[in-house]
Amino acid sequence: MNGSRLLAQIIKELLSLLRDPRARAILILPPLLQLMIFSFAATLEVRNATVAVFNEDTGQPAQEFVTDVTSAGFVGHVITVHSRQEQDELIEQGRALLTLHIPEDFSRHRLAGQPSPVQVILDGQQANAAQVALSYLQAIAMEQGNRIEPMVLRHAFNPNLIYQWYVVPSLSGILSMLIALAVTALSISRERELGTFDQLLVSPTTPLEIILAKCLPAVLMGFVMGSVMITAALLLFQVPFTGSLLWLAGALVLFIISVVGIGLMVSAVSETQQQAILGVFALAVPMVLMSGFATPVENMPDLLQWMAQAIPLTHFLVIVQGSFLKSIPADVVISHLWPLALIALVTLSGATLVVRKRLH
């Protein structure tokens, strides 16, 4: 592989991209529009939520309330804990959407006809889903004669329920994915549409250099877009950052690399730039919907949950959201980095095979 030829190819790709008015519009307008639109995303139904119960009362009213909660339609899994530490750890690790703490005097207050407060801790990182689950829980209380009024609430990680704290960090993954897909998808299809693809085939450039030249500009543009959105979250929206910038930057690069392979395959099978763009959006919309951004992955059927694990955005959203709000530990980051690495290996290998086949 010749370094000077590869550098020349990369510069050519960047210049071709930036000189094309349509390509510039794709790089600039959609991110701005989506930053505005996604900030007003609708709240969706919550199902199969994981609820942790810390019950310090052995009385019958407390047991009845726990039974009603565990049998509720929105609850998929109940974890019984025996200390506040266990309760907080489940929220910190993202293993529970909310925790319910029933104090030891709950039944006594209830039998005496007095208000019987409980504490509900919500995962503020999933503010939308947590609020919906809370409304379901309050409905259960009303059906029981409002027996736990008033409720004491604390929203972990996002106490003021600022929706932008959830949306803007997530957009760093969504928009960088869209940019990387679009840039890569346009690369070969643009050459074919302009009639320069045949010239590329007869040039001294090797197939590996061609593939790298098509991938690296997309990685660069995606990383820049992701960095811009992360900076906007920090400076413009004042989202608190509690994790490691180094881990987040590494995850962003690996995430974009895994996406680039998908875009390269779209580009190789597209005859025109219009087909490439349509292919990108045909893939991007399901990827966003299944990633857990708008609705929890746990709400989906089992088959779709398995498919969601093969989507790079699913893993990156956990890392970026946790880095901002939860001070996500390194072992949790690593547990999502290795699936990203595996996806990158599979997508790039598949893209290389497809492109090599089209080049010969």
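With an unreviewed UniProt entry as reference, the chain is termed Transport permease protein, source organism Marinobacter santoriniensis NKSG1. Its UniProt record gives the chain a comment under Sequence similarities (unreviewed entry), which states: "Belongs to the ABC-2 integral membrane protein family."

1. Topic: the nonpolar core
Soluble globular proteins: nonpolar side chains tend toward being buried together. Judged by nonpolar contacts, the single largest core of 61 residues is most densely connected at M177, F255, L313 and F324. For this core, the elements supplying multiple residues, two or more each, are α7 (164-194), α9 (207-236), α10 (245-269), α11 (273-290), α13 (312-325) and α14 (330-359). No other element matches the 15 residues that α7 contributes to this core. Sequence-distant contacts of M177, that is, excluding residues within four places in its chain, are made with F255, V259, A284, M287, V288 and L313. The next biggest cluster of nonpolar side chains, apart from the first, holds 26 residues, and it includes F74, V75, V118 and A130.

2. What to know about the confidence of the model for the chain
In this model, the chain carries an average pLDDT of 79, and 80% of its residues clear a pLDDT of 70 or more. When the elements of the chain are averaged for pLDDT, helix α8 (residues 197-201) gives the smallest value, 62, and strand β1 (residues 49-55) the largest, 90.

3. Focus: the packing of aromatic side chains
Scanning the entire structure with this criterion turns up 4 aromatic pairs. A centroid spacing of 5.2 Å and a plane angle of 50° characterise the contact between F74 and Y136, whose relative ring orientation is tilted. With F74 in the loop between α3 (60-70) and β2 (75-80) and Y136 in helix α6 (residues 127-143), this pair connects stretches of sequence that are 62 residues apart.

4. What about the side chain of T347?
By secondary structure assignment, the location of T347 is in helix α14. With relative accessibility at 9%, the residue T347 sits in the buried group. A polar contact of 3.0 Å, which involves the side chain of T347, links it to the backbone oxygen of S258. Setting aside its immediate chain neighbours within four residues, T347 contacts I257, S258, G261, I262 and M265.

5. A look at α11
Across its 18 residues, α11 extends 26 Å between first and last C-alpha, which sits within 8% of the 26 Å expected from 1.5 Å per residue. Among the residues of α11, those classed as buried are Q273, A276, I277, G279, V280, A284, M287, V288 and M290. The buried residues of α11 occupy one face: seen down the axis, they fall within an arc of 165°. With respect to the buried face of α11, the exposed residues turned more than 90 degrees away are Q274, L278 and A282. The positive-phi residue at the C-terminal boundary of α11 is G292, with phi of around 100°.

Conventions we followed
- Residues numbered from 1 in each chain as written.
- Predicted model: local features only at pLDDT ≥ 70, side-chain atom pairs only at ≥ 80, totals over all residues.
- Heavy atoms only, no water.
- UniProt positions renumbered as here; feature names shortened; annotations may be inferred.
- Core = buried A, V, L, I, M, F, W, Y, C linked by side-chain atoms within 4.5 Å.
- Buried < 20%, exposed > 50% of the residue type's maximum accessible area, 1.4 Å probe, protein only.
- Helix = DSSP H or I, 4+ residues; strand = E, 2+ residues; numbered from the N terminus.
- Contact = heavy atoms within 4.5 Å.
- pLDDT = per-residue confidence, 0-100.
- Phe/Tyr/Trp six-rings, centres within 6.5 Å; stacked < 30°, edge-to-face > 60°.
- Polar contact = N/O pair within 3.5 Å; in protein donor to acceptor, adjacent residues only side chain to side chain.
- Expected span 1.5 Å × (residues − 1).
- Arc of directions from axis to C-beta.

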